[in-house]
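# What the coordinates show
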Amino acid sequence: MESVPGNGIVDRPSSLPVDQTVDRLTSVLQAKGVTLFAVIDHSGEAARAGMKMPPTKLLIFGNPRAGTPLMLASPRSAIDLPLKILVWEDGQGKTWVSYNSPQYLGQRHALPPDLLANVAGVEMLALAAAGG
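Definitions and cut-offs
Residues numbered from 1 in each chain as written. Predicted model: local features only at pLDDT ≥ 70, side-chain atom pairs only at ≥ 80, totals over all residues. Heavy atoms only, no water. Salt bridge = Lys/Arg side-chain N within 4 Å of Asp/Glu carboxyl O. Helix = DSSP H or I, 4+ residues; strand = E, 2+ residues; numbered from the N terminus. Buried < 20%, exposed > 50% of the residue type's maximum accessible area, 1.4 Å probe, protein only. Contact = heavy atoms within 4.5 Å. Polar contact = N/O pair within 3.5 Å; in protein donor to acceptor, adjacent residues only side chain to side chain.

Below, the discussion takes up the pattern of salt bridges. Applying the stated criterion across every chain yields a total of three salt bridges. Between Lys 57 and Asp 19 there is a salt bridge, with its nearest N and O atoms 2.7 Å apart. Note that Lys 57 is positioned in strand 3 (residues 56–62) and Asp 19 in helix 1 (residues 18–31), a separation of 38 residues in sequence. The class for Lys 57 is buried, based on a relative accessible area of 17%.

As a further point, take the environment of Ser 98. Structurally, the position occupied by Ser 98 is in strand 5 (residues 95–100). Sequence spacing of Ser 98 and Val 87 is 11 residues, and the spatial spacing of their C-alpha atoms is 6.5 Å. Those residues in contact with Ser 98, other than ones at most four positions away along the chain, are Ile 9, Val 10, Asp 11, Lys 84, Ile 85, Leu 86 and Trp 88. A polar contact of 2.8 Å, which involves the side chain of Ser 98, links it to the side chain of Trp 88.

Attention now moves to the side chain of Ser 101. Secondary-structure assignment places Ser 101 in the loop between strand 5 and helix 4 (102–108). Relative accessible area serves as the criterion here: at 3%, Ser 101 is assigned to the buried category.

Here's what the structure looks like:
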């Protein structure tokens, strides 16, 4: 795992451009039976507003069987659920896959350790999307 700064965000490099990384993540989510609730195209919306930004897309996904126990244990955890992965391009044209670390979410919401497994899959999904 890449280092996690104090804000809990993990950044992993992707070997593919943004759109291909998003396609790969979408395929993995579908294969695992995880619901993809939304793909927010931040750069596309910026373009519609007459502004330019590097490709940036946010995928929001989850599974009620995994997320609901977290929200029952700590109702405020719903602010971080469903899970999210940000796929973005930096100023040098490198693609990154970013997400909240499960440990950070556990600490932030004082979740019981046995429930961290319910969000730990985000790391595997990020690795699969990044080509790792």
